[in-house]
Amino acid sequence: MIKTLLKSLREYKKSSLLCPIFMASEAAMDIVIPFLMTFVIKEIEQLSKDAAYQVNLAKIAGLLIAMLLCALFALLTGIKGGNLAAKASSGLAHNLREDMYEKIQSFSFANLDHFSTASLITRVTTDVTNVQTAYQMCLRTIVRSPMMVIVAMIMTCLIEPSISLTFLVATILISIIVILCMKKAIPYFKKMFAKYDDLNLVVEEDLTAIRVVKSYVREEREIEKMHGATTAVYQYDIKAEKILTFMTPCVTWVMFLLNILVLLAGSHMVVGNLSGRVTAAD
């Protein structure tokens, strides 16, 4: 399935390959900036330990300029990566629709009897748009997000292994929440897409036979059919979106809880370190 879809990339393969590189560069800068900040903090920490310590202002200024350049580079690579993702996903949708149209033209009469016109319209319009959106999201996150998570966990393990366990627990909880919600939502989405076919069928019949409908004064009946088709799509869409809406605050709650745990653990370590120094000084 995926290989078949990717065959429609053709002239947009270069954009698809360059986009993850730019997104990875942006992620690298997001990692380098906090790393550079640690050197500035060390200079300030050294001054708090020894009042006679001479702060190297030139070093701090150089670090701040380096952080500013990294932030600017991250901004530019992020913009370029977003443009490439939009270009590649739109190109994929363009070529995919052309390929699907050509394939439909080669259908036999048996194929045409099996696939309704409304279903084919849904595949060429709504389904291709969903593929376009999914492909764009994958290009932007398939490298950046795993890179951020892996590097963050590695740096946390190097700084304080005990805190890194909180990242592992949070990752497991978020994965469980996402899997359970998607498992519940996907059946509703499948039913909703089937109802899209019914909706397109009603629209096609009304537009094709509009003169007949008006001649026999069947407008009210056709309005009721359209209302029923749109209501069916609405009901399944609402059920699926409610599940996804529930997923978002749950993931956010886990992330906020992770931040609180990290801050609590870090503050206890700092207070304990300061208390140890005061005791040693006494």
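Now for a quick tour of the structure. (Residues numbered from 1 in each chain as written. Predicted model: local features only at pLDDT ≥ 70, side-chain atom pairs only at ≥ 80, totals over all residues. Heavy atoms only, no water.)

Side chains of Leu165, Leu168, Ile172, Ile176 and Leu180 sit close together on the surface and give an oily, nonpolar patch of about 470 Å² of accessible area. Inspection of the secondary structure puts Leu180 in helix H7 (residues 161-208). A relative accessible area of 52% places Leu180 in the exposed class. (Patch = residues over 30% accessible without salt bridge, like charges linked within 9 Å, V, L, I, M, F, W, Y side chains within 5 Å. Areas by Shrake-Rupley, 256 points an atom, 1.4 Å probe, with all protein chains shown as cover. Salt bridge = Lys/Arg side-chain N within 4 Å of Asp/Glu carboxyl O. Helix = DSSP H or I, 4+ residues; strand = E, 2+ residues; numbered from the N terminus. Buried < 20%, exposed > 50% of the residue type's maximum accessible area, 1.4 Å probe, protein only.)

As a further point, take the environment of Asp198. With respect to the secondary-structure elements, Asp198 resides in helix H7. Looking at Asp198, the relative accessible area reads 37%, which means it is partly exposed. Separated by 18 residues in sequence, Asp198 and Leu180 place their C-alpha atoms 29 Å apart.

Another point: the pattern of salt bridges. Following the criterion strictly, the structure yields 8 salt bridges and no others. Here Arg123 makes a salt bridge to Asp197, at a shortest N to O gap of 3.2 Å. Here Arg123, found in helix H5 (residues 117-141), pairs with Asp197, found in helix H7; they are 74 residues apart in sequence, far enough to count as distant. For Asp197, a relative accessible area of 12% corresponds to the buried category. As a salt-bridge pair, Lys225 and Glu205 come within 3.3 Å of each other at their nearest N and O atoms. With a gap of 20 residues between them, Lys225 in helix H9 (residues 219-281) and Glu205 in helix H7 connect regions that are remote in the sequence. By relative accessible area, which is 28% here, Lys225 ends up partly exposed. For Glu205, a relative accessible area of 37% puts it in the partly exposed group. What you see here is one network of salt bridges that share partners, running through Glu205, Arg221, Glu222 and Lys225.

Next up on the list: the nonpolar core. Considering soluble globular proteins, one finds that nonpolar side chains tend to be buried as a cluster. Formed by 19 residues in total, the largest nonpolar core has its most connected members in Ile177 and Phe189. Secondary-structure elements contributing two or more residues to this core are H7 and H9. For this core, the leading source of residues is H9, giving 10 residues. Setting aside residues no more than four positions away along its own chain, Ile177 makes contact with Met247, Cys250, Val251 and Val254. (Core = buried A, V, L, I, M, F, W, Y, C linked by side-chain atoms within 4.5 Å. Contact = heavy atoms within 4.5 Å.)

Next up on the list: H7. Its 48 residues give H7 an end-to-end C-alpha distance of 68 Å, which sits within 8% of 70 Å, the value for a rise of 1.5 Å per residue. The largest bend in H7 is about 25°, located at Ala185, with the proline Pro187 one to four residues further on. (Expected span 1.5 Å × (residues − 1). Bend = angle between axes of the 7 residues up to and from the residue.)

Within the secondary structure, Asn95 sits in helix H3 (residues 57-105). In terms of polar contacts, Asn95 uses its side chain to reach the backbone carbonyl oxygen of Leu9, at 3.3 Å. When neighbours within four sequence positions are excluded, Asn95 is seen to be in contact with Ser8, Leu9, Arg10, Glu11 and Tyr12. (Polar contact = N/O pair within 3.5 Å; in protein donor to acceptor, adjacent residues only side chain to side chain.)

Checked against the element boundaries, Val40 lands in helix H2 (residues 13-49). Spatially, the C-alpha atoms of Val40 and Leu64 are 8.4 Å apart, while their sequence positions differ by 24 residues. Val40 has contacts with Ile60 and Leu63, leaving out every residue within four places of it along the chain.

Here we take up the packing of H5 against H7. Each pair of packed helices can be described by the angle between their axes along with the distance between the axes. Interaxial distance between H5 and H7 falls to 8 Å at its minimum, and their mutual angle equals 125°. Classified by the angle their axes make, H5 and H7 are oblique. Both H5 and H7 take part in a crossing whose hand is right-handed. Only Phe193, Tyr196, Asp197, Asn200, Leu201 and Glu204 of H7 make contact with H5, whose side of the interface consists of Thr117, Ala118, Ser119, Ile121, Thr122, Arg123, Thr126 and Asn130. Across the contact of H5 with H7, the residue classes break down as 5 nonpolar, 6 polar and 3 charged. (Axes fitted to C-alpha atoms, helices over the stretch in contact; angles between N-to-C directions. Parallel < 35°, antiparallel > 145°, perpendicular 65-115°, else oblique. Left-handed = near helix turned anticlockwise from the far one by under 90°. Nonpolar A, V, L, I, M, F, W, Y, C, P; charged D, E, K, R; others polar.)

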